[in-house]
Amino acid sequence: MPRISTKGQQMPESPIRKLVPYSEIAKKKGHKVYHLNIGQPDIKTPDVALNAVKNADITVLEYSHSAGFESYRNKLSQYYQTHGLPINTADIIITTGGSEALLFAMGSTMDQDNEIIIPEPFYANYNGFSTSSGVKVVPVISTIDEGFALPPISAFEKLITPKTKAILICNPGNPTGYLYSKEEILQLAEIVKKHDLFLIADEVYREFIYDGEEHFSVMNVPGLEEHAIMIDSVSKRYSMCGARIGCIVSKNKEVMATAMKFAQARLSPPTYAQIASEAALETPQSYFDDVITEYKDRRDTLITELQKIEGVKVATPKGAFYCIAKLPVKSADDFAQWLLESYDFNGETVMVAPAAGFYSTPNVGLDEVRIAYVLKKEDLIKSVQILKEALITYNK
């Protein structure tokens, strides 16, 4: 039979979704599965967004502009400026999710076999985006012992070669919840200017910041206009993961003109999803205040409960809604599969994401899992109780 492409063979499986068949088996057995594996918020999508779609008076479902609705880009620019980001309409191209924005960013700035430096652990699909773009990921490791703080700049300097084109960060981070400080962003800004690189910042969790901390965007760094590329999305901000609407943002006109060619090649982002996303910009601040309070409570509950389990180490996240937990097991992959395939506690079990898939360095993170605290507090408490009992049984 015809052969599958080498690129296709190299595409990594999602550590978030690869265990789905086992969860389906567990559910068919009648077990309740608590999904800690995926960042799908259970927060209600704003009514203003849903109603905009329900009430849309459309007789022909036309293409939109390849850059997205001008009305949406205008309002999005106003939204950013209200939050202190100097972003104009011309700096924005609407994409099909933050995923397409990342693909546009890589396609616009990197050639085959170029290199991109990424602090790891990182969002697992960065591996997939890089593979599909023919780009090599060069990891710089952050550790749970350091709370996943930015590695020393010297560690980045050692990795830069003539093939290096960009540094990519997620701020605050998926899967760690780490929030980069203003000082760390400025350090990265200096290194990309020094070596003439791009700094791509995935900032889709910018609103999810705790403990009185503040988010500092790459778009706020003076003198970084030609280097900075911001990735954003409505998925988490408005609990609209299914809308698949994001954007690529940059002051670099050549980058945006190039990204526009990629946007034209895929024609246009989806119409109804843009209608919902534009309307979502009218969401009142009270919605976000309530959401942040809820997630902070969930974070505190999860971390407190995890710290009660002997042998478990966890870093307290300052943003997003994920954490990495180090477990007293040799293989988190085996443990995660066993939880679904062979274990239940009073008819219930949990699904976690093995963290090795969030690294590109082989044999790192083998005993770690990513946990998304997107469940109600009582469900998080139950989930950790199941995890505690499961570890006792698994390690007998």
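Rules and cut-offs
- Residues numbered from 1 in each chain as written.
- Predicted model: local features only at pLDDT ≥ 70, side-chain atom pairs only at ≥ 80, totals over all residues.
- Heavy atoms only, no water.
- UniProt positions renumbered as here; feature names shortened; annotations may be inferred.
- Helix = DSSP H or I, 4+ residues; strand = E, 2+ residues; numbered from the N terminus.
- Rg over C-alpha atoms; globule rule 2.2 N^0.38 Å.
- Contact = heavy atoms within 4.5 Å.
- Areas by Shrake-Rupley, 256 points an atom, 1.4 Å probe, with all protein chains shown as cover.
- Lys, Arg positive; Asp, Glu negative; His and termini not counted.
- Charge placed at Lys NZ, Arg CZ, Asp CG, Glu CD.
- Buried < 20%, exposed > 50% of the residue type's maximum accessible area, 1.4 Å probe, protein only.
- Pairing = 2+ DSSP bridges.
- Phe/Tyr/Trp six-rings, centres within 6.5 Å; stacked < 30°, edge-to-face > 60°.
- 1 Å grid on protein atoms, 1.4 Å probe; cavity = no way out; pocket = protein on both sides within 12 Å on 5 of 7 lines; lining within 4 Å.
- Points joined across faces, edges and corners; volume = space filled by probe spheres on them.
- Domains from an automatic or database assignment.
- Nonpolar A, V, L, I, M, F, W, Y, C, P; charged D, E, K, R; others polar.
- Salt bridge = Lys/Arg side-chain N within 4 Å of Asp/Glu carboxyl O.

Under an unreviewed UniProt entry, the name given to the protein chain is Aminotransferase, and the organism recorded is Flavobacterium macacae. For the record of the protein chain, the UniProt heading Cofactor (unreviewed entry) holds the text "pyridoxal 5'-phosphate".

A. Quick look at the overall build of the protein chain. In terms of regular secondary structure, the protein chain is built from 13 helices and 13 strands. Expected size for 396 residues packed as a compact globule is a radius of gyration near 21 Å; at 21 Å, the protein chain falls within 12% of this value. When its C-alpha atoms are laid out on the principal axes, the protein chain stretches across 60 × 60 × 55 Å. Counting contacts in the protein chain only where the partners sit at least 6 residues apart, residues at least 24 apart contribute 76% of the total. Accessible surface, the protein chain as shown: approximately 17300 Å² in total, 50% of it carbon and sulfur. Within the protein chain, the 49 negative side-chain charges are centred at a point lying 3 Å from the centre of the 41 positive side-chain charges.

B. Region of interest: the UniProt feature "domain: Aminotransferase class I/classII large" (unreviewed entry) in the protein chain. The feature "domain: Aminotransferase class I/classII large" (unreviewed entry), as given by UniProt, occupies residues 33-343 in the numbering adopted here. The straight-line gap between the two end C-alpha atoms of residues 33-343 is 11 Å; of that span, 38% is helix and 15% is strand.

C. Representation of the pairing of strand β13 (residues 368-372). Counting buried residues along β13, five of its five residues qualify, which places the element largely inside the surrounding structure. Here β13 shows no split at all, with Glu368, Arg370 and Ala372 on one side and Val369 and Ile371 on the other all buried. Of the pairings in the sheet, the one linking strand β12 (residues 353-354) to β13 comprises two bridges and is antiparallel in character. Among the inter-strand pairings, Pro354 is bridged to a residue of β13, identified as Val369.

D. Region of the structure containing the packing of aromatic side chains. Within this structure, the stated rule accounts for 18 aromatic pairs. With centroids separated by 4.9 Å and ring planes inclined at 25°, the aromatic side chains of Trp338 and Tyr343 adopt a geometry described as stacked. You can call Trp338 buried: its relative accessible area is 19%.

E. Representation of the environment of Lys377 in the model. Mapped onto the elements of the fold, Lys377 is located in helix α13 (residues 377-394). Placed 78 residues apart in sequence, Lys377 and Arg299 show a C-alpha to C-alpha distance of 8.8 Å. Aside from chain neighbours lying at most four places away, what touches Lys377 is Asp297, Arg298 and Thr301.

F. View of the layout of surface pockets. Estimated volume of the largest pocket: approximately 500 Å³. Ser99, Tyr123, Asn125, Lys236 and Arg244 are, among the 25 residues lining the largest pocket, the residues nearest its centre. Counting only elements with at least two residues in the lining of the largest pocket, the list comes to α5 (97-109), α6 (125-133) and β7 (228-233). Broken down by element, the residue count for the lining of the largest pocket peaks at three residues, all from α5. When residues of the lining of the largest pocket are assigned to domains, at least three fall in each of domain 1 (6-44 + 286-395) and domain 2 (47-281). The wall of the second largest pocket is formed by 20 residues, among which His83, Arg206, Glu207, Ile209 and His215 lie closest to the centre. The residue makeup of the lining of the second largest pocket, split by class, is eight nonpolar, seven polar and five charged. Counting contributing residues, the lining of the second largest pocket receives three or more from each of domain 1 (6-44 + 286-395) and domain 2 (47-281).

G. Expanded view of unusual backbone geometry. Here the bond from Asn171 into Pro172 is cis, since omega is -5°, no more than 30 degrees from zero. Mapping Pro172 onto the fold places it in the loop between β5 (164-170) and α8 (182-194). Cis peptide bonds are those with omega within 30 degrees of zero, and the linkage from Asn174 to Pro175 qualifies with 25°. By secondary structure assignment, the location of Pro175 is in the loop between β5 and α8. Phi at Phe148 is positive, roughly 65°, even though this residue is not glycine. Mapping Phe148 onto the fold places it in the loop between β4 (136-141) and α7 (153-159). Positive phi, close to 55°, is recorded for Arg244, a residue that is not glycine. Here Arg244 is to be found in the loop between β7 and β8 (246-249).

H. Empty space enclosed by the protein, seen in detail. If you walk through the whole model with that rule in mind, you get three cavities of 30 Å³ or more. Here the largest cavity defines a volume of roughly 140 Å³. Lining the largest cavity we find 19 residues, and of these Pro119, Pro121, Cys170, Thr176 and Tyr180 sit closest to its centre. Mapped onto the lining of the largest cavity, the elements with two or more residues apiece are β3 (115-120) and β5.

I. Geometry of the pattern of salt bridges. Scanning all chains against the criterion turns up 22 salt bridges. Here Arg298 ties to Asp42 by a salt bridge, and the two come within 2.9 Å at their closest N and O atoms. A residue pair is termed long-range when its members are at least 10 positions apart, and Arg298 in helix α11 (residues 285-306) and Asp42 in the loop between β1 (32-35) and α3 (47-54) qualify at 256 residues. Classification of Asp42 as partly exposed rests on a relative accessible area of 34%. Across the pair Asp297 and Lys377 runs a salt bridge whose closest N-O atoms are separated by 3.9 Å.

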